[in-house]
Amino acid sequence: MTHEVAVVPGDGIGREVVPAAVDVLATVDAPIEFVHAEAGDETKAEQGVALPEETRETVADADATLFGAAGETAADVILPLRSVVGSYANVRPVCAYPGTDARAPETDLAFVRENTEGVYSGIESELTDGVRTLTRVVTAAASKAIADFGFEYADTNGYEQVTVAHKANVMRETDGLFLDIVEDVAEQRGAAYDTALMDALAMELVMQPEAYGVVICPNLAGDVLSDLAAGLVGGLGLLPSANIGDENALFEPVHGTAPTIAGDGVANPAATILSAALLLEHIGYESDAQRVREAVEGVLAEGPRTPDLGGTASTAMVRDAVVDRLS
Ligand code: ATP
Ligand code: MG
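Residues numbered from 1 in each chain as written. Chains lettered and ligands numbered in written order. Predicted model: local features only at pLDDT ≥ 70, side-chain atom pairs only at ≥ 80, totals over all residues. Heavy atoms only, no water.

- By the naming in an unreviewed UniProt entry, the protein chain goes by Isocitrate/isopropylmalate family dehydrogenase and is assigned to Halovenus salina.
- Reading the Sequence similarities (unreviewed entry) entry of the UniProt record for the protein chain gives the comment "Belongs to the isocitrate and isopropylmalate dehydrogenases family." (UniProt positions renumbered as here; feature names shortened; annotations may be inferred.)

Describing the pattern of salt bridges
Here is step 1: Here the structure, examined in full by the defined rule, presents 16 salt bridges.
Here is step 2: The partner of Glu152 in a salt bridge is Arg189, and the shortest N-O contact between them spans 3.0 Å. Taken together, the residues Glu152 in helix α5 (residues 140-156) and Arg189 in helix α6 (residues 174-189) connect sequence positions 37 residues apart.
Here is step 3: By relative accessible area, Glu152 is classed as partly exposed at 41%.
Here is step 4: For Arg189, a relative accessible area of 33% gives the class partly exposed. (Salt bridge = Lys/Arg side-chain N within 4 Å of Asp/Glu carboxyl O. Helix = DSSP H or I, 4+ residues; strand = E, 2+ residues; numbered from the N terminus. Buried < 20%, exposed > 50% of the residue type's maximum accessible area, 1.4 Å probe, protein only.)

Regarding the packing of aromatic side chains
Here is step 1: Taken as a whole and judged by the stated rule, the model has three aromatic pairs.
Here is step 2: On the basis of an interplanar angle of 80 degrees and a centroid distance of 6.4 Å, the ring pair of Phe151 and Tyr193 is categorised as edge-to-face. Placement of the pair is Phe151 in helix α5 and Tyr193 in the loop between α6 and β9 (194-197), with a sequence separation of 42 residues.
Here is step 3: The exposure class assigned to Phe151 is buried, which follows from its relative accessible area of 3%.
Here is step 4: An aromatic cluster is defined as three or more aromatic residues linked by ring pairs; in this entry it consists of Tyr88, Phe149 and Tyr153. (Phe/Tyr/Trp six-rings, centres within 6.5 Å; stacked < 30°, edge-to-face > 60°.)

Focus on the packing of helix α3 (residues 53-61) against helix α4 (residues 74-84)
Here is step 1: One can describe the packing of α3 onto α4 by two numbers: an axis separation of 9 Å at closest approach and a directional angle of 40 degrees. By the angle class used here, α3 and α4 are oblique. Considering only the axes of α3 and α4, their crossing is right-handed. For the pair α3 and α4, the contacting residues are Arg56, Val59 and Ala60 in the first and Pro80, Leu81 and Val84 in the second.
Here is step 2: When grouped by side-chain class, the residues that make up the contact of α3 with α4 number five nonpolar, no polar and one charged. (Axes fitted to C-alpha atoms, helices over the stretch in contact; angles between N-to-C directions. Parallel < 35°, antiparallel > 145°, perpendicular 65-115°, else oblique. Left-handed = near helix turned anticlockwise from the far one by under 90°. Contact = heavy atoms within 4.5 Å. Nonpolar A, V, L, I, M, F, W, Y, C, P; charged D, E, K, R; others polar.)

What follows is the structure in structure tokens.
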């Protein structure tokens, strides 16, 4: 069965790293048909909208999407796209690779972040001049979905440690519900877990990241803590992410358009190629996904490397080196 993958490079280095990742996907056994679609600043300049209806439909109809980055229009592109795929879980694996000069070389963890509510519910208002409010929404349904996904992810990926981040001592109602639900799910599955206050966890992650496996987080905590952890393994050029929905999913590097290097042909394609590996895993090609990951690891360890990792190689040279290891 052929899988349809929507390819949306977007802007900036997205236009360089996404094609490189597509070339890598084209060399593995998984039967994939690519459907290209446009979104972002350039699309807005040309068509008047950052996210054309046609792109929405392409993404909705595909089995999965590989996305790059969008510039100024990011909020008009990625937020709607995440909702087109019905994404309730954002997954960010954070792994240190040999050869990348990571601050914490033992790091191997994954954030599983609630992706639909919390303080990102979008419900804000101005009460009176100079006084504004934000409504933090937490539902039992979304909390259960993220807990189910997080424990399942830990099992599938061999993580023994599951940590639940929260601040239920202060946000008693909202995080209280979140924590209750996650604890219920853990109990029903017979799964072991720890809980951690999100502020203390920020410190612990810096002090001993190797002690953590899967970290299940409310939306804002997951956003902040996963960027913090990115700093432990050498930055943005290496980190993939997945937005998981029930019947659809979107994969993207954690980094953005990197305008300072866009167009130079030197962006590190590793984050996007690793996102493509997550995509392969999601559509059922675990062994291909593993081969791609190992090829990237090999190239990171032995080179060629792009300038962000201290090398002099181009995006194309890194892509070719990954493809060579796969063929
Ligand atoms: P945006 O607003 O689109 O997020 P940004 O200026 O925040 O753009 P990011 O893409 O988030 O840029 O990256 C921040 C910096 O990290 C970049 O300027 C670049 O130096 C570096 N960087 C990020 N991704 C990569 C990559 N794939 N390869 C090399 N360097 C990168
Ligand atoms: Mg950025």
